Amino acid sequence: IHWRSWAKTGKPIVKEFEDEFFVRHALVLDTFDEEPNSEVLEEAVSVAASFACTVLTQESLLDLLFVGSQSYCFTAGRGLAHADQMLEILASVKNCADKPFETLEKLVLNHIATVSGCICIFQKWETQRKQLVDKLRALNIPLLVLVVTPAGQKNVKTDLLPDEPEYFHVLEIGKIEETLAQLK
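Engineer: What is the right way to look at the sheet that holds strand 3 (residues 71-76) in this model?
Structural biologist: Sheets are built from strands paired through backbone hydrogen bonds, the pairs being either parallel or antiparallel. With mixed pairing, six strands are arranged side by side in an open sheet as 3-2-1-4-5-6. Single-partner strands in this sheet number two, and they are strand 3 and strand 6 (168-172). Across this sheet, the average inter-strand angle for adjacent strands is 15°, counted without regard to direction. Two strands pair when backbone bridges link them, and strand 1 (residues 24-29) and strand 2 (residues 61-67) are joined in this way by five bridges, in the parallel orientation. Considered in strand 2, the bridge of R24 is made with L61. Strand contacts of helix 3 (residues 83-91): strand 1, strand 2 and strand 3, with the helix running at about 10° to strand 2, the strand carrying the most contacts. Contacts between helix 5 (residues 127-138) and the sheet are confined to strand 4 (117-122) and strand 5 (143-149), with strand 4 contributing the most and set at about 175° to the helix.

Here it is, written out as structure tokens:
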């Protein structure tokens, strides 16, 4: 009951509220690499930047999750940070060689309840990354998994991925743009 309106009109007025729902995506960036100036990391950051610019224009929220000197979660969109700020953050991303991959997994799983979908950009495909993807799939989170590989090394460990599902794509350096253009 809205008491002020009732007092003004002399009859009861009920005010209804409706929760607003925002589409929210997680953009997970794998920074785990022993090589300080890795070409694969640079390309992975570029791919993340392209998604940061694209997703933000669709009136949604985007949470960038990665691990550097600590675990980071930056949110942009719908009145929060803008694409330019997200690009500045991505420009400063460095590799993480002193923490285990489980640090990123913990960050993602603690945050995943608030998102509508997840884009994972990995620097390699191996057991730990597959386990994270399996956990996200078990939670019925819509996924897009992108694995950036060096030029000429399109093959990933197919034994970890029995059939190449539609959400999984390998981005070979030098062919990233054309592969991303083919995504629906």
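That covers the picture; the talk isn't over yet.
Engineer: What is the right way to read the packing of aromatic side chains from this model?
Structural biologist: One pair of aromatic rings is described through two measures. These are the centre distance and the angle between the planes. Under the defined criterion, the tally for this structure stands at eight aromatic pairs. Seen in terms of ring centroids, F66 and Y72 are 5.0 Å apart; in terms of plane orientation they differ by 25°. Their pairing is stacked. Here Y72 falls in the partly exposed class, since its relative accessible area comes to 21%. Relative to F74, the ring of Y72 has its centre 5.7 Å away and its plane inclined at 15°; by these criteria the two rings are stacked. Since its relative accessible area comes to 29%, F74 is described here as partly exposed. Aromatic ring contacts, followed pair by pair, group F32, F101, F122, W125 and F168 into a single cluster.

Engineer: How do you make sense of the packing of helix 4 (residues 102-111) against helix 5 when you look at a structure like this?
Structural biologist: The description of two packed helices rests on the angle between their axes and on the distance between the axes. Contact geometry for helix 4 and helix 5: axes closest at 10 Å, N-to-C directions at 10°. The angle between the axes of helix 4 and helix 5 places the two elements in the roughly parallel class. On helix 5, the residues touching E102, E105, V108 and L109 of helix 4 are Q128, L132, K135 and L136. Its residues placed into classes, the contact of helix 4 with helix 5 shows four nonpolar, one polar and three charged.

Engineer: Honestly, the environment of E34 in this entry has me stumped. Any pointers?
Structural biologist: Along the chain, E34 turns up in the loop between strand 1 and helix 2 (39-56). Sequence separation of E34 and A97 is 63 residues, and the distance between their C-alpha atoms is 5.1 Å. Here E34 is in contact with N95 and A97, once residues within four sequence places are set aside.

Engineer: I tried to follow the pattern of salt bridges on my own but got confused; where do I start?
Structural biologist: Side-chain pairs of opposite charge can arise whenever the charged atoms involved come near each other. Inspection of every chain in the model, using the stated rule, returns seven salt bridges. Notably, a salt bridge pairs D63 with R24, separated by 2.5 Å at the nearest N-O pair. Taken together, the residues span a long stretch of sequence, with D63 in strand 2 and R24 in strand 1 at a distance of 39 residues. In this structure, the salt-bridge partner of K175 is E172, at a minimum N-O distance of 3.8 Å. Salt bridges linked by common partners bring D30, E126 and R129 together as one network.

Engineer: So what exactly am I meant to see when it comes to the side chain of D63 here?
Structural biologist: With a relative accessible area of 0%, D63 lands in the buried category. A polar side-chain atom of D63 sits 2.5 Å from a polar atom in the side chain of R24. At a separation of 2.6 Å, a polar atom in the side chain of D63 contacts the side chain of H111. Residues contacting D63, with those up to four places away along its chain left out, are R24, H25, A26, L27, C73, F74, T75, H111, T114 and V115.

Engineer: I keep staring at unusual backbone geometry and nothing clicks. Help me out?
Structural biologist: A negative phi angle characterises most non-glycine residues, just as the trans form characterises most peptide bonds. In this model, N140 sits at a positive phi of 60°, which is unusual for a non-glycine residue. Mapped onto the secondary structure, N140 falls in the loop between helix 5 and strand 5. Residue class for N140 comes out exposed when judged on its relative accessible area of 67%.

Calculation rules
- Within any chain, residue numbers begin from 1 and follow the written order of that chain's sequence.
- It should be noted that, the model being predicted, local features are given only for residues of pLDDT at least 70 and side-chain atom pairs only at 80 or more, the latter also being counted only at that level, while totals for whole chains, interfaces and linings use all residues.
- Water and hydrogen atoms play no part in the side-chain values, which are based on all heavy atoms of the structure.
- Strands pair, by our definition, only if DSSP identifies at least two bridges between them.
- The numbering of helices and of strands both runs from the N terminus, where a helix is a DSSP run of H or I of at least 4 residues and a strand a run of E of at least 2.
- Axis angles are defined between N-to-C directions and span 0 to 180 degrees, where every axis is a line fitted to C-alpha atoms and, for a helix, only to the segment in contact.
- Throughout, a contact is declared for two residues whenever any of their heavy atoms are within 4.5 Å.
- What counts as a ring pair is set by centres within 6.5 Å for rings of Phe, Tyr and Trp (its six-membered ring), and what kind of pair is set by the plane angle: stacked under 30 degrees, edge-to-face over 60, tilted for all other angles.
- Partly exposed describes any residue whose relative accessible area lies between the buried limit of under 20% and the exposed limit of over 50%, with all areas from a 1.4 Å probe on protein chains only and scaled to the type maximum.
- For classification purposes, an angle smaller than 35 degrees is called roughly parallel, one larger than 145 roughly antiparallel, one from 65 to 115 roughly perpendicular, and anything else oblique.
- All residues other than Ala, Val, Leu, Ile, Met, Phe, Trp, Tyr, Cys, Pro, Asp, Glu, Lys and Arg, Gly among them, are scored as polar; the first ten of these are nonpolar and the last four charged.
- The rule for a salt bridge is simple: a side-chain nitrogen of Lys or Arg has to be within 4 Å of a carboxyl oxygen of Asp or Glu.
- Polar contact criterion, stated in full: a pair of N or O atoms within 3.5 Å, where within protein one must be able to donate a hydrogen and the other to accept it, and residues adjacent in sequence count only if both atoms are side-chain atoms.

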